[in-house]
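Each chain, letter by letter, is given below.
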Amino acid sequence: DIQMTQSPSTLSASVGDRVTITCRASQNINNWLAWYQQKPGRAPKLLIYKTSSLQSGVPSRFSGSGSGTEFTLTISCLQPDDFATYYCQQYNSYSLFTFGPGTKVDIK
Amino acid sequence: EVQLVESGGGLAQPGGSLRLSCEASGFTFSDYWMSWVRQAPGKGLEWVANIKPDGSDKFYVDSVRGRFTISRDNAKNSLYLQMNYLGADDTAVYFCAKAKLGDFDYWGQGTQVTVSS
């Protein structure tokens, strides 16, 4: 099974900060990596797919990078609407998808 | 506009059963893999099951395999999750999601399943 880890688990930041979240896979996932934002009581929202492709309608301050087993989500200039929990997800095979444990971004 | 609307959640006794439904609209349902994802209270997201567009292939997370069955009716634009032998660990909000290439571009609002005596 492919295991996903994220770091940090919690991140305290201020509006305007540059924020980076790391996601690691236990084996090569061929860049089949997505990032989601979730706010309390809401369904997750797709931000990035295939490691670095920006989902339609998502602000360009969000970007993704990485390859193989290590990936990052960067928010270039944190906005008030960005305080949320972020999850990575690998989808290398339809037989098994896995989410990371999440990173909560809160206000410093 | 794409919409996914879940129903069928509620309170179930340990060992009991529930059947979740998800009605889809706004896209060609029969063209896409569909999935169920759950989230236990205060916890992260957990993928539960996938089903191929024609229903011929189905995959499950280990913790539900043999107890849960994913199915679909393309004529009714509907996705289902039959959940048997429910346990306390199955308590969660269950989301249906449309898989673009495995990434989930649309999600339902979720339906709460609580397993308790």
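Please read all numbers here as calculations on a predicted model, not as lab measurements. (Residues numbered from 1 in each chain as written. Chains lettered and ligands numbered in written order. Predicted model: local features only at pLDDT ≥ 70, side-chain atom pairs only at ≥ 80, totals over all residues. Heavy atoms only, no water.)

Student: How should I be thinking about the sheet that holds strand β7 (residues 68–73) of chain B in this particular structure?
Tutor: By way of backbone hydrogen bonds, the strands of a sheet pair with one another, either parallel or antiparallel. Residues and elements named next belong to chain B. Pairing is antiparallel across the open sheet formed by 4 strands, whose spatial order is β1-β3-β8-β7. Only two strands of the sheet have a single partner each, and these edge strands are β1 (3–7) and β7. Going across the sheet, the axis of each strand differs from the next one's by a mean of 15 degrees, ignoring polarity. (Pairing = 2+ DSSP bridges. Helix = DSSP H or I, 4+ residues; strand = E, 2+ residues; numbered from the N terminus. Axes fitted to C-alpha atoms, helices over the stretch in contact; angles between N-to-C directions.)

Student: Could you clarify how one ought to interpret the packing of aromatic side chains in this entry?
Tutor: Each pair of aromatic rings is reported with the distance of its centres and the angle of its planes. Summed over all chains, the structure comprises 15 aromatic pairs over all chains. A centroid spacing of 6.5 Å and a plane angle of 75 degrees characterise the contact between Y91(A) and F97(A), whose relative ring orientation is edge-to-face. Judged on exposure class, the residue Y91(A) and its partner F97(A) are both buried. Joined through ring pairs, the aromatic side chains of W32(A), Y36(A), Y91(A), Y94(A), F97(A), F99(A), W33(B), W47(B), F59(B), F95(B), F104(B) and W107(B) make up one cluster. Above the ring of Y80(B), the side-chain terminus of R19(B) is found at 4.0 Å from the ring centroid. The lysine or arginine in question, K98(B), covers the ring of F27(B), its NZ or CZ lying 5.6 Å from the ring centre. (Phe/Tyr/Trp six-rings, centres within 6.5 Å; stacked < 30°, edge-to-face > 60°. Buried < 20%, exposed > 50% of the residue type's maximum accessible area, 1.4 Å probe, protein only. Lys NZ or Arg CZ within 6 Å of the ring centre and 35° of its normal.)

Student: How should the state of the cysteines be read in this particular structure?
Tutor: Covalent bonding between the sulfur atoms of two cysteines is what defines a disulfide. Scanning all chains against the criterion turns up 2 disulfides over all chains. Covalently, C23(A) is tied to C88(A) through a disulfide, its sulfur atoms 2.1 Å apart. The chirality of the disulfide connecting C23(A) with C88(A) is right-handed, given an S-S dihedral of about 75 degrees. Here C23(A), found in strand β3 (residues 19–25), pairs with C88(A), found in strand β9 (residues 85–93); they are 65 residues apart in sequence, far enough to count as distant. Residue classification places C88(A) among the buried residues on the basis of a relative accessible area of 0%. Across a sulfur-sulfur distance of 2.0 Å, C22(B) and C96(B) are joined as a disulfide pair. (Disulfide = S-S within 2.5 Å.)

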